[in-house]
Amino acid sequence: MANFGLYGVPKLMLKGVSKTYASARGRTDALHKIDLSVKSGEFICIVGPSGCGKSTLLKLIAGLDAHTGGEILADGRRVSGPGTDRLLMFQEPALFPWLNVLHNVEFGLKMAGINEKERRAKALQVLELVNLLKFGNAYVHELSGGMKQKVALARALVMEPQMLLMDEPFAALDAQTRATLHEELQQAWLATKKTIIFVTHNIEEAVRLADRVVVFSNRPGRICREIPVNMARPRESYSYAGIAGLIEEIAAELKNPVLTEQDTAREELRGEGYSQKVSVSYTAHSSVAGRFQS
Ligand code: ADP
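Throughout what follows, the structure given in this document is the object of discussion. Just so it is clear, the structure is predicted and the values come from calculations on it, not from any experiment. (Residues numbered from 1 in each chain as written. Predicted model: local features only at pLDDT ≥ 70, side-chain atom pairs only at ≥ 80, totals over all residues. Heavy atoms only, no water.)

Assignment of secondary structure puts N104 in helix α2 (residues 101-111). By relative accessible area, which is 1% here, N104 ends up buried. Here the side chain of N104 touches F96 through a polar contact of 2.8 Å, landing on its backbone nitrogen. Apart from the residues within four sequence positions on either side, N104 is in contact with L95, F96, L99, V140, V151 and R155. (Helix = DSSP H or I, 4+ residues; strand = E, 2+ residues; numbered from the N terminus. Buried < 20%, exposed > 50% of the residue type's maximum accessible area, 1.4 Å probe, protein only. Polar contact = N/O pair within 3.5 Å; in protein donor to acceptor, adjacent residues only side chain to side chain. Contact = heavy atoms within 4.5 Å.)

Laid out in structure tokens, this is it:
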């Protein structure tokens, strides 16, 4: 079960987080007043239309870019830059082609000054966790796309971040490979209980992996819905009764993003007309908690 962290402080807390990019070409409002609270060990999937600010949100949480409004707290401390507690994994695994798998996984530990014996032991442990132990001596060009992502996952896990931020890591993989990686990621998550924030545009993937799916509106990204997924783990196939209904519900939300009364009222007051860009109807934040009891 996911828990609140030390003294009940959420692992991650976003309070009214906004991001506006400013460049010579003008200003882009990427995110608008995001409020989100994440428990320690929780697996959150963020889905939303392309360009709604999902990657931006991960970069802000990772501290790789600065938010322009609101506040981000990790373990109750304000995020003002990168930290070893928050690690961002990209769609492209970006491995070192001149190093074998084992040395790729060990690289970060080496940079952190961990001695060879200790880093070898840790690297082997995570390679086992992602079922890559047999490929420790292989080089990147010898690996499939799925295996490369598993190396990237192992390389992230070996650093023992408390929070793993994953930006569409499986988007380029075929469906079968993705399904296998879903199983392995769940196993790794169950074994390590990391807090994971996972961005995807694949609704099935979100429902399969998440404790909670957070649905974003069109840009500027805002949260339309938070949908708990109460199904037993590990979730081994897409054949659970009812999963199709949940997928349909999220798909409908994405087609017709529904803002909360609070959001809409705020926008009307601000007179910014965001509602013209999305089809708006009035509803309270709703949930389907309890529909899929494990
Ligand atoms: P998503 O991940 O949901 O596809 P992004 O977070 O990549 O969306 O982008 C959100 C919006 O912010 C887009 O309109 C994008 O063009 C813009 N954007 C992203 N990064 C920058 C940047 N560095 N400078 C200016 N605009 C940016």
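Strands sit in the order β6-β7-β8-β3-β9-β10 across an open sheet of 6 strands; the sheet is mixed. For this open sheet the edge positions go to β6 (86-89) and β10 (223-228), each flanked by a neighbour on one side alone. Looking at each pair of strands side by side, their axes are set apart by 15° on average, direction ignored. Alignment of strand β7 (residues 163-167) against strand β8 (residues 195-199), held across 5 bridges, turns out to be parallel. Following the sheet pairing, D167 is matched in β8 by V199. The sheet contacts of helix α4 (residues 145-157) involve β6 and β7, and relative to β6 the element is tilted by about 170°. (Pairing = 2+ DSSP bridges. Axes fitted to C-alpha atoms, helices over the stretch in contact; angles between N-to-C directions.)

Here we take up the site of the ligand. Taken together, Y21, T28, A30, P49, S50, G51, C52, G53, K54, S55, T56 and R219 are the residues near the ligand. A distance of 2.7 Å is found between an oxygen atom of the ligand and a backbone nitrogen or oxygen belonging to G51. With respect to the ligand, the side chain of T56 contributes an N or O atom lying 2.5 Å from an oxygen atom. In the complex, the protein chains occlude 63% of the 560 Å² of accessible area that the ligand would expose alone. At the level of secondary structure, the elements contributing two or more residues to the shell around the ligand comprise β2 (26-38) and α1 (54-62). The dominant element in the shell around the ligand, judged by the number of residues it contributes, is α1, at 3 residues. (Near = heavy atom within 4 Å. Areas by Shrake-Rupley, 256 points an atom, 1.4 Å probe, with all protein chains shown as cover.)

Below, the discussion takes up the pairing of β2. Two faces make up the sheet, and in a regular strand the side chains alternate between them. Examined bridge by bridge, strand β1 (residues 12-23) and β2 share 9 bridges and lie antiparallel to one another. The residue bridging A22 from the neighbouring strand is R27, located in β2. Linking β1 back to β2 in an antiparallel pair, the connection comprises 2 residues.

Once that is clear, we can look at the environment of L95. By the secondary structure assignment, L95 is in the loop between β6 and α2. Once the C-alpha coordinates of L95 and R155 are considered, the two residues, 60 residues apart in sequence, prove to be 9.2 Å apart. Apart from the residues lying within four places of it in its own chain, the contact partners of L95 are N104, V140, K148, V151, A152 and R155.

At a minimum axis separation of 10 Å, α4 and helix α5 (residues 175-192) run at an interaxial angle of 15°. With respect to α5, the element α4 is oriented roughly parallel. In this structure, the crossing between α4 and α5 has a hand that is right-handed. For the pair α4 and α5, contact is made by G146, Q149, K150, L153 and L157 and by T177, L181, E184, L185, A188 and T192, respectively. Within the contact of α4 with α5, the residues separate by chemical class into 5 nonpolar, 4 polar and 2 charged. (Parallel < 35°, antiparallel > 145°, perpendicular 65-115°, else oblique. Left-handed = near helix turned anticlockwise from the far one by under 90°. Nonpolar A, V, L, I, M, F, W, Y, C, P; charged D, E, K, R; others polar.)

With that settled, the discussion passes to the nonpolar core. Soluble globular proteins tend to bury their nonpolar side chains together. Of all hydrophobic cores here, the largest spans 49 residues; its most connected members are V105, L185, F198, V207 and V213. Take this core: its biggest share by element is 7 residues, from α4. If near-sequence neighbours (up to four positions away) are discounted, L185 is found in contact with F43, L153, M166, F170, I196, F198 and L209. By size, the runner-up hydrophobic cluster in this structure holds 26 residues, among which are L31, C52, I72 and V79. (Core = buried A, V, L, I, M, F, W, Y, C linked by side-chain atoms within 4.5 Å.)

Describing an aromatic ring pair means giving the distance of the ring centres and the angle of the ring planes. Scanning all chains against the criterion turns up 5 aromatic pairs. On the basis of an interplanar angle of 65° and a centroid distance of 5.6 Å, the ring pair of F43 and W189 is categorised as edge-to-face. Here F43 is found in strand β3 (residues 43-47), whereas its partner W189 is found in helix α5, with 146 residues between them in sequence. Just as F43 is buried, W189 falls in that class too. Grouped by ring-pair contacts, the aromatic residues F43, F170, W189 and F198 constitute a single cluster. Geometry around W189 places K193 over its ring, the cationic atom sitting 4.0 Å from the centre. (Phe/Tyr/Trp six-rings, centres within 6.5 Å; stacked < 30°, edge-to-face > 60°. Lys NZ or Arg CZ within 6 Å of the ring centre and 35° of its normal.)

Along the chain, R225 falls in strand β10. Its relative accessible area of 8% is what places R225 among the buried residues. As for R225 and V213, which are separated by 12 residues in sequence, their C-alpha atoms are 8.0 Å apart. Within the structure, R225 has its side chain in polar contact with the side chain of E249 (distance 2.7 Å). Within the structure, the side chain of R225 is placed 2.8 Å from the side chain of E253, a separation counted as a polar contact.

Nothing here speaks to function; it is geometry throughout.
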